[in-house]
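Secondary and tertiary structure notes
Residues per chain, in single letters:
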Amino acid sequence: MTKKRPKGIEKYTAPAGGWGALKAVAETLARQQVIAQGAATLLKANQPEGFDCPGCAWPDPKHTSSFEFCENGAKAITWESTAKRAGPDFFAAHTVAELWQWNDHQLEDQGRLTHPLVYDHASDRYLPIGWEEAFALIGAELRKLPDPDMAEFYTSGRASNEAAFLFQLFVRAYGTNNFPDCSNMCHEATSVGLPHSIGVGKGTVTLEDFDHADAIFSFGHNPGTNHPRMMTTLHDAARRGVPIVVFNPLKERALEKFAAPQNPVEMATMSSTPIASAYHQLRTGGDLAALKGLMKRIFERDDADIAAGGKGFLDREFIEAHTIGLEALKADIAKTEWVSILKRSGLTLEALDSAVDVYLNARNVILCYGMGITQHSHGTAQQLANFLMLRGNIGRQGAGICPLRGHSNVQGDRTVGITEIPNKALLDGMEKAFSFRPPEEKGHNAIEAIEAIIEGRSKALVCLGGNLAVAISDPEATFEGMRKLDLAVHLATKPNRSHLLIARNSIILPVLGRTDQDIQKTGPQSVTVEDSMSMVHASRGFLKPPGDELRSEPAIIAGIAKATLGAKYDIDWDGMVADYNRIREKIEVVFPDFHDFNTRVRKPGGFRLTVAASDRQWRTPSGKAQFLIAPGLEEDPRLADADTLVLTTLRSHDQYNTTIYSLDDRYRGVFGRRDVIFMNSGDLSARGLADGDKVDIESVAETGSRAVKGFTAVAYDIPVGSIAGYYPEMNRVIALGDYDRRSGTPAYKGVPVKVQKSA
């Protein structure tokens with residue numbers, strides 16, 4: 001007799017995409033009450049005269065008029081263009097204390113914000129406030145602070161280049177470099193690590209490179225959910241016979257098999273395409289060990305081939321002309337023992353050998369990676385670069401490194417100045433464009449900003465989008481700290497939990513979304529975004545905004561800036577808001593790589609920013625790409641206890657970052673709930689547990705105990721020693737101090753924990 005699974009847990013065997021995706025899109029349109037309008041809106045997504053999808057940062061194909069969107073992109077678009085409204089009547093009907101009891105899905109599902117709001121302590125409600133009154137209140141509070149460094153300015157990756165640039169201009173004119181950013185929580189390890197290796201903190205490939213790749217290696221990402229338009233590229237590559245080698249603790253459905261909704265044959269025949277040619281389920285946190293194992297095997301084979309009279313397998317011409325540090329890397333890997341590599345990675349020598357076979361037999365290799373690599377106490381992006389450089393797989397057609405960014409403009413925000421560490425070029429550019437030199441001192445990243453808020457050193461927080469309090473680790477400490485602020489300002493499209501952390505003054509300002517028409521004094525405006533392959537293109541909304549009171553992000557930033565700074569530095573805020581072309585003109589003064597910005601961005605598909613490493617120009621101190629060492633295997637001493645497991649956090653398929661579209665996770669077979677923890681059946685048995693038992697998950701933190709209780713254990717195909725649970729629910733067991741010291745990235749994908757049966 002088959003054992004009954006826990007409630008809401010079912011086996012899902014269908015491929016990713018296909019009819020299941022189309023059904024999910026139809027249900028989403030119905031839930032957001034936009035069946036007719038929503039279908040028309042989707043036709044405008046990622047089109048030359050349309051808007052950029054507010055979901056992932058995967059690039060558009062060169063044939064820019066093609067009809068291309070994906071299930072989760074459709075959810076993101078429909079979620080924003082919903083017919084539901086969260087206006088003054090909604091907030092009049094519900095106190096903040098009541099709303100706090102709602103789950104995150106319920107809060108955002110109320111719909112679009114329509115009016116500026118201010119919190120009233122007497123009634124425990126948000127009440128309408130006029131725009132000028134709101135700006136005046138914000139400006140007065142910011143001017144009251146004894147030091148500009150007592151304010152934090154957070155940016156979400158969905159902000160446009162124009163909004164992000166004005167935001168950093170305002171904040172630097174105000175006098176601080178405190179720029180906590182969503183990058184700090186996802187790909188900062190890339191931004192910090194890769195410049196030391198190849199001179200740039202971005203990917204080196206273009207979308208067209210995938211057409212010329214002979215093999216694709218995939219580390220630590222789930223494209224079917226987090227960057228789903230990538231599936232078209234992988235689907236095409238797999239059908240051409242390109243091997244796709246995957247390293248990931250969990251088997252993600254889209255990397256197993258995918259049915260392209262726009263492929264009439266697959267849809268008509270209910271068939272699908274296998275994606276991964278090999279799927280290596282390494283242990284959580286075992287990426288460095290796996291990479292060292294791959295490189296160790298390559299060195300061993302190379303030495304053996306030369307000893308036998310061959311030429312070896314390394315690209316010695318490339319290495320000699322373009323790199324330094326190979327011998328030191330080789331020495332470090334030589335002393336790393338196989339027994340340690342296999343134990344830490346959880347892989348067999350045969351598995352590593354099979355991957356090396358693919359690598360050595362391919363002329364051109366692209367390596368893609370996501371937050372499974374970056375969100376650890378030690379990011380390993382540099383070792384990915386090492387692996388590629390051994391055979392010259394950077395800086396030529398069909399080869400290179402491809403970090404998979406999340407939000408559609410998270411990379412662009414960084415490019416136009418959202419950084420807590422301004423370099424000389426940025427400072428010089430700002431001085432040239434605006435006749436003042438910003439402060440040079442390093443500001444706060446996300447972890448440092450939260451620490452300053454908790455400790456009372458920072459008293460104001462202005463958020464350009466996002467849901468910072470929920471996104472960051474250690475929410476209990478974060479929530480307590482944010483409630484002690486003097487000022488909290490949120491520019492947002494929908495209500496979320498961060499808005500309910502009430503400061504002495506709390507203000508919500510409703511913004512236009514990507515799909516909304518943006519009309520200023522000179523007429524309709526477009527904004528620009530940068531995708532994960534450094535392509536910059538325009539985005540123009542067309543829907544009537546949800547209400548007459550909404551304003552664009554640039555207009556709101558300018559309003560706050562004028563109320564705070566007055567005529568300081570004689571910055572023409574009104575002129576730039578009246579015509580966004582003027583903002584772009586200033587961007588190209590500060591950042592010369594944006595030369596002829598307004599002309600180039602009007603071409604369908606936009607233009608690509610310079611990525612020097614793509615042309616084998618290495619902007620490192622040595623002028624060469626550098627092989628870098630990561631000593632040891634980054635063993636966390638807390639794992640010495642055999643009873644300790646490693647937790648990785650996951651997004652469900654009905655989720656984008658902290659936005660939860662529903663309580664389902666179709667591809668993992670979870671429906672109507674999120675209170676689950678995925679465990680290996682052997683780990684369950686070793687603890688006297690069974691599938692469906694209620695368990696407590698407690699962190700093994702250096703400071704204080706953190707736990708979530710009463711979650712349901714689900715037996716799952718995951719390596720021994722590894723467990724997985726949903727983000728952000730599992731943030732409660734992650735200490736604020738559990739982060740990569742170089743990049744500041746929280747260790748969402750490598751948390752030592754203990755699991756026991758609930759009392």
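Rules used in this analysis
Residues numbered from 1 in each chain as written. Predicted model: local features only at pLDDT ≥ 70, side-chain atom pairs only at ≥ 80, totals over all residues. Heavy atoms only, no water. Helix = DSSP H or I, 4+ residues; strand = E, 2+ residues; numbered from the N terminus. Rg over C-alpha atoms; globule rule 2.2 N^0.38 Å. Buried < 20%, exposed > 50% of the residue type's maximum accessible area, 1.4 Å probe, protein only. Areas by Shrake-Rupley, 256 points an atom, 1.4 Å probe, with all protein chains shown as cover. Lys, Arg positive; Asp, Glu negative; His and termini not counted. Charge placed at Lys NZ, Arg CZ, Asp CG, Glu CD. 1 Å grid on protein atoms, 1.4 Å probe; cavity = no way out; pocket = protein on both sides within 12 Å on 5 of 7 lines; lining within 4 Å. Points joined across faces, edges and corners; volume = space filled by probe spheres on them. Nonpolar A, V, L, I, M, F, W, Y, C, P; charged D, E, K, R; others polar. Pairing = 2+ DSSP bridges. Axes fitted to C-alpha atoms, helices over the stretch in contact; angles between N-to-C directions. Core = buried A, V, L, I, M, F, W, Y, C linked by side-chain atoms within 4.5 Å. Contact = heavy atoms within 4.5 Å. Salt bridge = Lys/Arg side-chain N within 4 Å of Asp/Glu carboxyl O. Phe/Tyr/Trp six-rings, centres within 6.5 Å; stacked < 30°, edge-to-face > 60°. Arc of directions from axis to C-beta. Disulfide = S-S within 2.5 Å.

1. Some points on the overall build of the protein
A count of helices and strands for the protein gives 30 helices and 31 strands. Whereas a compact globule of 759 residues would reach a radius of gyration of roughly 27 Å, the protein reaches 25 Å, a difference of no more than 12%. Structurally, the protein occupies a C-alpha span of about 80 × 65 × 55 Å along its principal axes. Here the protein, with 759 residues, has 64% of them falling under the buried criterion. For the protein, the accessible area works out to roughly 27,000 Å², and carbon and sulfur atoms hold 53% of it. Of the side-chain charges in the protein, 85 are positive and 94 negative, and the distance between the mean point of each set is 2 Å.

2. Comments concerning the layout of surface pockets
Approximately 1,300 Å³ is the volume found for the largest pocket. Lining of the largest pocket is provided by 35 residues; of these, Val200, Gly201, Lys202, Arg414 and Asn423 occupy positions nearest its centre. Taken together, the elements giving at least two residues each to the lining of the largest pocket come down to helix H9 (188-198), helix H21 (410-415) and helix H22 (424-434). Top contributing element to the lining of the largest pocket by residue count: H9, with five residues. Across the lining of the largest pocket, the residue classes tally to 16 nonpolar, twelve polar and seven charged.

3. Brief notes about the pairing of strand S17 (residues 505-510)
The buried fraction of S17 amounts to six of the six residues, a majority that puts the element mostly inside the structure. Residues Asn505, Ile507 and Leu509 line one face of S17 and the alternating positions Ser506, Ile508 and Pro510 line the opposite face, and both faces are buried. Bridge count for strand S4 (residues 117-120) against S17 is two bridges, and the pairing is antiparallel. Within S17, the residue paired with Leu117 across the bridge is Ile508. Two elements, strand S16 (residues 487-492) and S17, share six bridges in a ladder whose sense is parallel. From the neighbouring strand, Leu487 faces S17, where its bridge partner is Asn505.

4. Quick notes on the sheet that holds strand S30 (residues 722-726)
Strand-to-strand pairing in sheets goes through backbone hydrogen bonds, with the strands running parallel or antiparallel. The sheet built from six strands closes into a barrel, its strands ordered S24-S30-S27-S29-S28-S31 with mixed pairing. The average angle at which neighbouring strand axes cross in this sheet is 45°, direction not considered.

5. Structural notes on the nonpolar core
By size, the foremost hydrophobic cluster in this structure holds 62 residues, and its most contacted members are Leu142, Phe170, Phe434, Leu509 and Trp573. Looking at this core element by element, the count peaks at ten residues for helix H8 (residues 161-174). Once residues within four sequence positions are removed from consideration, Trp573 is found in contact with Leu166, Leu169, Phe170, Ala558, Ala561, Lys562 and Leu565. Membership of the second largest hydrophobic core comes to 48 residues, among which are Leu291, Ile319, Leu347 and Phe387.

6. Some words on the pattern of salt bridges
Pairs may arise between side chains of opposite charge once their charged atoms sit close together. For the structure shown, the criterion picks out 41 salt bridges. A salt bridge links Asp104 to Arg497, with the shortest nitrogen-to-oxygen separation between them at 2.7 Å. One end of the pair, Asp104, is in helix H6 (residues 104-108); the other, Arg497, is in the loop between S16 and S17, and 393 residues separate them in sequence. Taken individually, Asp104 and Arg497 each receive the classification buried, so the pair is uniform in this respect. In this structure, the salt-bridge partner of Arg297 is Asp353, at a minimum N-O distance of 2.8 Å. Of this pair, Arg297 sits in helix H14 (residues 287-307) while Asp353 sits in helix H18 (residues 349-361), and the two are 56 residues apart along the sequence. A relative accessible area of 17% means that Asp353 is categorised as buried.

7. Section: the packing of aromatic side chains
For the structure on display, the rule yields 25 aromatic pairs. Ring centres of Trp79 and Tyr661 lie 5.4 Å apart, and the angle between their planes is 75°; on these two criteria the pair is classed as edge-to-face. Separated by 582 residues along the polypeptide, Trp79 in helix H3 (residues 71-80) and Tyr661 in the loop between strand S26 (659-660) and strand S27 (676-679) bring together distant segments of the chain. With 5.7 Å between their ring centres and 70° between their planes, Tyr119 and Tyr126 make a pair best called edge-to-face. Residue classification places Tyr119 among the buried residues on the basis of a relative accessible area of 11%. With a relative accessible area of 2%, Tyr126 lands in the buried category. Feature note: the residues Phe90, Phe91, Trp102, Tyr119 and Tyr126 constitute an aromatic cluster, connected by ring pairs.

8. Side note on the side chain of Thr644
Locating Thr644 in the fold gives a position in the loop between strand S23 (625-626) and strand S24 (645-650). A residue is classified by how much of its surface remains accessible, and Thr644, at 9% relative accessible area, is buried.

9. Regarding the environment of Ala381
Turning to its location among the elements, Ala381 is positioned in helix H20 (residues 381-389). Judged by its relative accessible area of 2%, Ala381 falls in the buried class. Sequence separation of Ala381 and Tyr369 is twelve residues, and the distance between their C-alpha atoms is 8.5 Å. Setting aside residues up to four positions removed in sequence, Ala381 forms contacts with Ala189, Thr190, Leu194, Tyr369, Ile373 and Ile401.

10. Topic: the environment of Asp236
Among the secondary structure elements, Asp236 is positioned in helix H11 (residues 230-239). Classification of Asp236 as partly exposed rests on a relative accessible area of 39%. Linking Asp236 and Arg651, residues 415 residues apart in sequence, is a C-alpha distance of 25 Å.

11. Concerning the sheet that holds strand S9 (residues 257-259)
Taken in spatial order, the three strands make up an open sheet running S1-S9-S10, and their pairing is mixed. Two strands close off the open sheet at either side, each with one partner strand: strand S1 (16-17) and strand S10 (273-274). With two bridges joining them, S1 and S9 adopt parallel strand pairing. Within S9, the residue paired with Gly17 across the bridge is Ala259.

12. Some thoughts on helix H25 (residues 475-482)
Residues Pro475, Thr478, Phe479, Gly481 and Met482 constitute the buried set of H25. End-on view of H25: buried residues confined to an arc of 165°, all on one side of the axis. Check the buried side of H25 and you find it contacts helix H5 (96-100), helix H23 (446-454), strand S15 (460-464) and helix H24 (468-471).

13. Notes on the environment of Val601
Within the secondary structure layout, Val601 lies in the loop between helix H29 (597-600) and strand S22 (607-608). Sequence-wise, Val601 and Glu634 are 33 residues apart; in three dimensions their C-alpha atoms are separated by 44 Å.

14. Notes on the state of the cysteines
For the coordinates displayed, the defined rule picks out zero disulfides. Considering cysteine sulfurs only, Cys402 is the nearest to Cys368, which forms no disulfide, with 4.2 Å between them. Looking at the unpaired Cys463, the closest cysteine sulfur is the one in Cys182, lying at 11 Å. With a relative accessible area of 2%, Cys463 lands in the buried category.

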